[in-house]
Each structure stands twice: as structure tokens, then as C-alpha cells.
Amino acid sequence: MTELSKTGAAVGEPVKASSDAPTAFLEVRDLKVHFPTDDGLVKSVDGVSFKVEKGKTLAIVGESGSGKSVTSLAVMGLHKLGARGKNVQISGEIWLDGKELVSAAPDEVRRLRGREMAMIFQDPLSAMHPYYTIGHQIVEAYRVHHDVSKKVARTRAIEMLDRVGIPEPTKRVDNYPHEFSGGMRQRAMIAMALVNNPELLIADEPTTALDVTVQAQILDLIRDLQKEFGSAVVMITHDLGVVAEIADDVLVMYGGRCVERGPVADIFEQPQHPYTWGLLGSMPRIDRETSERLIPVKGQPPSLINVPSGCAFHPRCPYADIPKGDVTRTVRPELTQVGTGHFSACHLSPEDRTRIWTEEIAPKL
Ligand SMILES: Nc1ncnc2c1ncn2[C@@H]1O[C@H](COP(=O)(O)OP(=O)(O)O)[C@@H](O)[C@H]1O
Ligand code: SF4
Ligand SMILES: [Mg+2]
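Described below are features of the structure shown in this document. Since the structure is predicted, the reported quantities are computational estimates derived from the model, not experimental observations.

Turning our eyes to something else, we now look at the overall build of the protein. Along the backbone of the protein there are 14 helices and 12 strands. The buried share among the 365 residues of the protein stands at 51%. Relative to all contacts within the protein whose residues are 6 or more apart in sequence, the contacts with residues 24 or more apart total 65%.

The residue N197 is not glycine, and still its phi comes out positive at about 50°. Within the secondary structure layout, N197 lies in the loop between α7 (182–194) and β7 (200–204). In this structure N197 comes out as partly exposed when scored by relative accessible area, which is 34%. In this structure, E205 is a non-glycine residue whose phi angle is positive, near 50°. For E205, the position within the fold is in the loop between β7 and α8 (212–229).

What follows deals with the nonpolar core. Within the largest apolar cluster, 37 residues are counted, with the highest numbers of intra-cluster contacts made by I120, I138, L161, I190 and M235. Elements supplying a minimum of two residues to this core: β6 (117–120), α4 (134–145), α5 (150–163), α7, β7, α8, β8 (232–236) and α9 (240–246). Dropping the residues within four chain positions of it, I190 is found in contact with I120, V164, I218, L221, I222 and L225. If you look at the next biggest cluster of nonpolar residues, it comprises 36 residues, including F50, I94, V102 and L304.

Here we come to the packing of aromatic side chains. Using the criterion set out here, one finds four aromatic pairs in the structure. Measuring from ring centre to ring centre gives 4.7 Å for Y254 and Y275, while their planes differ by 55°; the resulting arrangement is tilted. Of this pair, Y254 sits in strand β9 (residues 249–254) while Y275 sits in helix α11 (residues 274–281), and the two are 21 residues apart along the sequence. On the accessibility criterion, Y275 (0% relative accessible area) is buried.

Here the focus is the site of ligand 2. Residues in close proximity to ligand 2 include H273, P274, C311, F313, H314, C317, Y319, A320, T328, C346, H347 and L348, which together make up its full environment. In terms of residue class, the shell around ligand 2 is built from eight nonpolar, four polar and no charged.

Moving on: the packing of α7 against α8. Across the interface, α7 lies against α8 with an axial gap of 10 Å and an inter-helix angle of 15°. One finds that α7 runs roughly parallel with respect to α8. Judged by the sense of rotation from one axis to the other, the crossing of α7 with α8 is right-handed. Residues G183, Q186, R187, I190 and L194 of α7 touch α8, and the partners they reach there are V214, Q217, I218, L221, I222 and L225. In terms of residue class, the contact of α7 with α8 is made up of seven nonpolar, three polar and one charged.

Moving on: the site of ligand 1. Taken together, the neighbourhood of ligand 1 is formed by 13 residues, with S44, G65, K68, S69 and V70 sitting nearest. Contact between ligand 1 and S66: an oxygen atom at 3.1 Å from a main-chain N or O atom of the residue. For ligand 1, an oxygen atom lies 3.0 Å from a polar atom in the backbone of G67. Put simply, the parts of the chain that give the shell around ligand 1 at least two residues each are β1 (26–37) and α1 (68–75). Among the elements that line the shell around ligand 1, the one with the most residues is α1, at three residues. For the shell around ligand 1, the per-class residue count stands at three nonpolar, seven polar and three charged.

Each value, and the rule that gives it
Residues numbered from 1 in each chain as written. Chains lettered and ligands numbered in written order. Predicted model: local features only at pLDDT ≥ 70, side-chain atom pairs only at ≥ 80, totals over all residues. Heavy atoms only, no water. Helix = DSSP H or I, 4+ residues; strand = E, 2+ residues; numbered from the N terminus. Buried < 20%, exposed > 50% of the residue type's maximum accessible area, 1.4 Å probe, protein only. Contact = heavy atoms within 4.5 Å. Core = buried A, V, L, I, M, F, W, Y, C linked by side-chain atoms within 4.5 Å. Phe/Tyr/Trp six-rings, centres within 6.5 Å; stacked < 30°, edge-to-face > 60°. Near = heavy atom within 4 Å. Nonpolar A, V, L, I, M, F, W, Y, C, P; charged D, E, K, R; others polar. Axes fitted to C-alpha atoms, helices over the stretch in contact; angles between N-to-C directions. Parallel < 35°, antiparallel > 145°, perpendicular 65-115°, else oblique. Left-handed = near helix turned anticlockwise from the far one by under 90°. Polar contact = N/O pair within 3.5 Å; in protein donor to acceptor, adjacent residues only side chain to side chain.

See below:
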């Protein structure tokens, strides 16, 4: 067993790739996932590090295309599968419960997947087979890792369906995925993901496709199950409302890199990166009209083949001219510590950041 630090997720010094023993349940160090394509090398993830302890939730936020899903699929070892990921280049380290997964044999990672780590997706149909009943699929997921009879596994499947709030589970267990509503399918997928009590749950935009009421129920469910099983959770979302509700720590991704990470309270109360300010400005708020809610960050997300020089956010950053000279366009800002467990990659001085945040941004939010 790894000795666990008690400080929560995504804390400590910026973690560099090294063979030092990990200090957290999940520890990702300098992860890079690059895809060679006809158009060039797509640097989907380009040096991302984070930690998550058991019982804690790390939220990964960022616009579409910033590398969130690729990061989580890499943790699950899913990039070594399938035609699209055939030539993928993965480097860095992924430590799960003291085992390093990037260098592990595919069989070893497969053994851990489903048992120690599981993933839920935005679209449950992508994780479920249309021709088999829900019950059959949960039974199979369980029996891959447990040497039990079908009968025992079926009892377990019914128990899980009940646990995730499916009414009449003894009947519904024999339904096919298309016989379930969207929200019910999402619950069934969660039941399937959690049937083996995984210690790490990765949820990739699990509520995006659902209406607000069902969203809240699913989040409550994930939180309850996390409490019950003490799992580490990585929650990928572009909804900062979700983040505020369930995260302990937040990692903000931009263009395949981490631009800011820290405890959730710091990210909301003292964010230290202009991109995070932009995300907060686009956050839905209950006290505003829907039409006023979404002020997207101006401009387009960067190309991951030709990432802008210097700070990748500079073409969209309203403050790019404040740091002296051409530094924002020529020198890539490294993640530096700005508070306890709080890191930001920006050339603005601490004084400028504080002034802009307190005088210009915060009053408008
Ligand atoms: N197999 C692949 N081959 C080439 N590019 C890929 C592949 N998978 C993902 N990408 C690219 O990587 C980038 C990041 O994707 P993704 O992690 O899905 O973004 P997010 O989840 O943040 O929306 C996107 O530009 C996407 O097109
Ligand atoms: S380094 Fe410069 S361009 Fe990048 S976020 Fe900071 S101020 Fe903006
Ligand atoms: Mg995604």
C-alpha cells in the first residue's frame, strides 16, 4: 500500500516526471498524449500533472478540445486500444495505488480497469451494448473480476440498480438500454461502472446531456457512492456550477496543458489566471437571466498541432501586453506556486493579477 498524504487532491509542488514513489492514490506526472496525423502531430495532452486522494474529487475544466477526455482515457489505458489510438505516443507517469500504468503491460491495465478504476461517459449508449439487457451487461462486468455464478452476479446487478435509484430493479434488470430513459441509462451505466467498487471513478461530462433535475440527482448519487466507497473521483465538466458543488480541487486545462490548479475555494475566490477569469465570467448563475448567462471566452481554442508560441492563451488574452516586452508571445509560462496547493502559469506579476482580479473582474461576476 502506498502511504497516503492527508492533504487532498492536486496539492504540493508541481510534480515532474521522476521515478520517485508516488504520494497520492492517483498521481499523474508530466503526462503527454500525442497523436501523429496526416496534418501533423496533435499534442492533445502536453505535460499535465495532478494528484487525487481517495475520498476526494478533482474537477478538470476547460473548453471543448482542451484535452480533458484524452487525459482521462489515458489514465484508463484506453488509448492503447482501437484504430484511432493506434500510433498514439504516451509519455510521463500514471501511478494508481502505487502501480505505474504507462509502462505496465496492457493485460495488467485491463485487469485494473473495471476493478480498481472505472469510467462513466456523457453518452451511456457508447458504453453499453444495444443487443444485451442491462442486467446481462452488469453481470458480465462483475464476472470479469469475480469468480461467481450468474445467479450471484444477477443478485449483485439488481442490488446495484436499486442502489442507483432504478425503480423495480428486479424487473428493469431484464430491460434493454433503449427501454430506459436518458437519466435511467446514465444511472445504469453508473451501476455498471461501480459494480466492482472501483477505487477510482472517472466521470467524463456525466450530466451534460441530462435535464437540470436529473443532473442534480446524478451528482448526488456520485457523491453518495463516493462517500460509501471512499473512491477517488475525477470529474470532467465544463459546468463550473458542477465544480462548485462537488470538487475539492480544480485543474484548468487550456490547449492540452494545465494553466491553473488548486483548491476549489481558491479557484473561485482568488483565481490567478486570465483564462480562469474568462471561464468564471461564462459561468451560469441562478440569479441571472439565461440569456445573460453565457459570455464565452472570446476567440477560438488553439490548434493542438500549431500551438501558439509563448503563452498559448496570448491570442485571446486581454492582458497579454501587460508583462514587459514580448514575454507572453515568446516564453511559455511555467506553473508556479501562488498559494497553498495553488499553481498558475501566467507571466503577470502577483500585484497585477491581484489588481485585475479584485478591481476589474470580481466586481462584474
Ligand atoms: N485519436 C485521436 N487522434 C487525433 N486527435 C485526437 C484523437 N483523440 C483526440 N484527439 C484530439 O485531441 C484534442 C483533445 O480532445 P479531447 O480530450 O477529447 O478534448 P475535450 O475532452 O477537452 O473536449 C482534440 O483536438 C481532439 O480532436
Ligand atoms: S502569460 Fe500573458 S497571455 Fe498568458 S495568460 Fe498570462 S497575461 Fe495572458
Ligand atoms: Mg471531452
